[in-house]
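Structural features, examined
Now for the letters of each chain:
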Amino acid sequence: MNLKLPPVLGGSMLIAGTAIGAGMLGLPMISAGMWFYWSTFLLVISWFCMLGSSQALLEVNLHFKPGDSFHTLTLALLGRGWSLLNGLSVAFVLYTLVYAYVSGGGSVVQHMLTPVMGIAPPRLLTSLLFGLLLAACIWWSSRAVDRFSIILMGGMVLALVMSIGGMLGGASMETILDTSGEGRFIFIWCAVSTYLTSFCFHASVPSLVKYLGHDKKAISNSLRNGTLIALVCYFVWIMAADGIIPREEFKEVIANGGNVGNLLAAAGLNLGTGLILRFLEAFSILAVATSFLGAGLGLFDYMADLCNFDNSRLGRTKTMLVTFAPPMVCGLIWPDGFLPAIGWAGLASTIWAVIVPALLLRACRLKYPDALYRAPLGRALVPILLLYGILVAVCHTLYGFNLLPMYQ
């Protein structure tokens, strides 16, 4: 019997799978200053705005043929200038994310190997091994990445369920609510770009239109359901981390570099069983590896097209060097850049995931007054998205120049 998944289920899984990844590992660290209540507030605001921008992109995309890319939409409605800026922002985001995953992956590998070897192996070595192994997979073929990603995703989901379940079982409500301290609203501003990055999946909207055609209801439901799955996962993850690691201990995590390995080390000190820590380590390395493959393959294909390299072994080798050499060198020079890099990726993502969809929607409604689908909130959606995008960009720029407070 040929079992076929309902289109909405498949679309929802595509959106959730694209959104959920290594970026979520940074949420508890960037949220330590504001703690659980304000983290939940920012989580809901980020979800609402990013869902709105995806629905704006859907309204635009339905005026074009299924299969037309983000680049095609931007070029047709906003012109070459915005198309170039959009392309540069996508490339910057992908390069920054690959660097973040080299940094985060090396940190996790170092943390996992330390008890086995008795000493901490050099971060230079663990980051290099992690990056080279996954870059080699991408170099071999896209088909290899596809099959490897399926295996990693299955293991990641299992490890996520087991680790978060165990963490929640040992979590303290007093720690979650932080009755001895006070989460401060001021720390929201340094976290907004990291939260935005956690809901970035907008390049998948044209893919959904290609997959489901002009079935506006199915696509809209897929966007809503997929982002809700991500929202719930992030909420439970923050609750689990905040329930295991007391707020004061995050200061040491941040002081030690704020990398994924530092978070795992802090969690290990507060978990009652080593088994849960092993599941958490497994989830972390699988999440970073899966995200590396996704971002790395996207950047690999982008650079191959940009540089006009062919698909021969020599051509793919050239593409691999252009794609992975810069972020891997940065990962070796600045080994603890995971959390800042996720934030800078969020800054660039405001262009192609928030501001450009808002401008596309405004241009589209002027050009095509009659629409197959109308994004929610009517005329208010465009100014809401522009305000959100500008706010995130300004906040992270100020944070990057140490003009906003960071909990430490």
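If you're wondering where the values come from, they're calculated on a predicted model, not measured in any experiment.

All right, on to the overall build of the protein then. Scanning the protein for helices and strands turns up 17 helices and 0 strands. Over its C-alpha atoms the protein spans a radius of gyration of 21 Å, differing by no more than 12% from the 22 Å that the globule rule assigns to 408 residues. In terms of overall dimensions, the protein has a C-alpha envelope of 60 × 55 × 55 Å along the principal axes. By residue count, 53% of the 408 residues in the protein fall in the buried class. For the protein, the proportion of contacts with a sequence separation of at least 24, taken over those separated by at least 6, is 84%. Surface summary for the protein: the accessible area is close to 17700 Å², and the carbon and sulfur share equals 69%. Distance between charge centres in the protein, computed from 22 positive and 17 negative side chains, equals 13 Å.

Attention now goes to the side chain of Ser198. For Ser198, the position within the fold is in helix H9 (residues 192-198). What Ser198 contacts, discounting residues up to four positions off in sequence, is Ala19, Gly23, Met24, Leu27 and Tyr234.

Core analysis: the biggest nonpolar cluster contains 130 residues, and Tyr101, Tyr195, Leu223, Tyr234 and Phe292 have the highest contact counts within it. Counting residues per element, this core draws most heavily on helix H14 (residues 274-307), which supplies 16 residues.

Taking 1.5 Å of rise per residue, the 20 residues of helix H17 (residues 381-400) would be expected to cover 28 Å, and the 28 Å separating its terminal C-alpha atoms lies within 8% of that figure. Turning to H17, its buried residues number three or more, namely Leu381, Val382, Leu385, Tyr388, Gly389, Val392, Ala393, Cys395, His396 and Tyr399. Of the surrounding elements, those touching the buried residues of H17 are helix H2 (27-30), helix H3 (35-61), H9 and helix H16 (338-367). Asn402 sits one or two residues past H17 and shows a positive phi near 60°.

Within the element layout of this structure, Thr290 appears in helix H14. On the basis of relative accessibility, which here comes to 14%, the residue Thr290 falls in the buried class. Separated by 160 residues in the primary sequence, Thr290 and Phe130 have C-alpha atoms spaced 12 Å apart. Looking at Thr290, its side chain comes within polar contact range of the main-chain oxygen of Leu286, at 2.7 Å.

All right, on to the pattern of salt bridges then. Within this structure, the stated rule accounts for 5 salt bridges. Where Asp336 meets Arg123, a salt bridge forms, and the shortest distance between an N and an O atom there is 2.9 Å. Of this pair, Asp336 sits in the loop between helix H15 (313-333) and H16 while Arg123 sits in helix H6 (residues 123-140); the two residues are 213 residues apart in sequence, bridging distant segments of the chain. Take Arg123: its relative accessible area is 15%, and that puts it in the buried class. Glu248 is the salt-bridge partner of Lys251, the closest N and O atoms lying 3.5 Å from each other. One network of salt bridges, with partners in common, ties together Glu59, Arg365 and Arg374.

Even without being a glycine, Asn308 presents a positive backbone phi close to 60°. One non-glycine residue, Leu377, lies in positive phi territory at about 80°. Looking at the secondary structure, you find Leu377 in the loop between H16 and H17.

A few words now on the packing of aromatic side chains. The tally for this structure, following the rule as stated, stands at 12 aromatic pairs. A ring pair is formed by Phe130 and Phe292, whose centres lie 6.1 Å apart and whose planes are at 80°; its orientation type is edge-to-face. With a gap of 162 residues between them, Phe130 in helix H6 and Phe292 in helix H14 connect regions that are remote in the sequence. For the residue pair Phe130 and Phe292, the accessibility class agrees, reading buried in each case. Through successive ring pairs, a cluster of aromatic residues spans Trp38, Phe41, Phe185 and Trp189. The ring of Trp139 has Arg313 sitting right over it, with the charged end atom 4.8 Å from the ring centre. The ring centre of Trp140 lies 4.6 Å from the NZ or CZ of Arg313, which sits over that ring.

Restricting attention to buried positions, one finds in helix H13 (residues 260-270) the residues Val260, Gly261, Asn262, Leu263, Leu264, Ala266 and Ala267. Against the buried residues of H13 lie H2, helix H5 (80-117), helix H11 (216-244), helix H12 (249-255), H14 and H16.

Each pair of packed helices gets described by two things: the angle between the helix axes and the distance between those axes. Where H6 contacts H15, the axes come no closer than 10 Å and their chain directions differ by 155°. On the basis of their axis angle, the class for H6 and H15 is roughly antiparallel. Remark: the crossing between H6 and H15 carries right-handed chirality. On H15, the residues touching Leu124, Ser127, Leu128, Gly131, Leu132, Ala135, Ile138, Trp139 and Trp140 of H6 are Arg313, Arg316, Thr317, Met320, Phe324, Met328 and Leu332. Broken down by class, the residue content of the contact of H6 with H15 amounts to 11 nonpolar, 3 polar and 2 charged.

Examined against the element boundaries, Asn221 turns out to sit in helix H11. Of the polar contacts made by the side chain of Asn221, one reaches the side chain of Arg224; its length is 2.9 Å.

Conventions and cut-offs
- Residues numbered from 1 in each chain as written.
- Predicted model: local features only at pLDDT ≥ 70, side-chain atom pairs only at ≥ 80, totals over all residues.
- Heavy atoms only, no water.
- Helix = DSSP H or I, 4+ residues; strand = E, 2+ residues; numbered from the N terminus.
- Rg over C-alpha atoms; globule rule 2.2 N^0.38 Å.
- Buried < 20%, exposed > 50% of the residue type's maximum accessible area, 1.4 Å probe, protein only.
- Contact = heavy atoms within 4.5 Å.
- Areas by Shrake-Rupley, 256 points an atom, 1.4 Å probe, with all protein chains shown as cover.
- Lys, Arg positive; Asp, Glu negative; His and termini not counted.
- Charge placed at Lys NZ, Arg CZ, Asp CG, Glu CD.
- Core = buried A, V, L, I, M, F, W, Y, C linked by side-chain atoms within 4.5 Å.
- Expected span 1.5 Å × (residues − 1).
- Polar contact = N/O pair within 3.5 Å; in protein donor to acceptor, adjacent residues only side chain to side chain.
- Salt bridge = Lys/Arg side-chain N within 4 Å of Asp/Glu carboxyl O.
- Phe/Tyr/Trp six-rings, centres within 6.5 Å; stacked < 30°, edge-to-face > 60°.
- Lys NZ or Arg CZ within 6 Å of the ring centre and 35° of its normal.
- Axes fitted to C-alpha atoms, helices over the stretch in contact; angles between N-to-C directions.
- Parallel < 35°, antiparallel > 145°, perpendicular 65-115°, else oblique.
- Left-handed = near helix turned anticlockwise from the far one by under 90°.
- Nonpolar A, V, L, I, M, F, W, Y, C, P; charged D, E, K, R; others polar.

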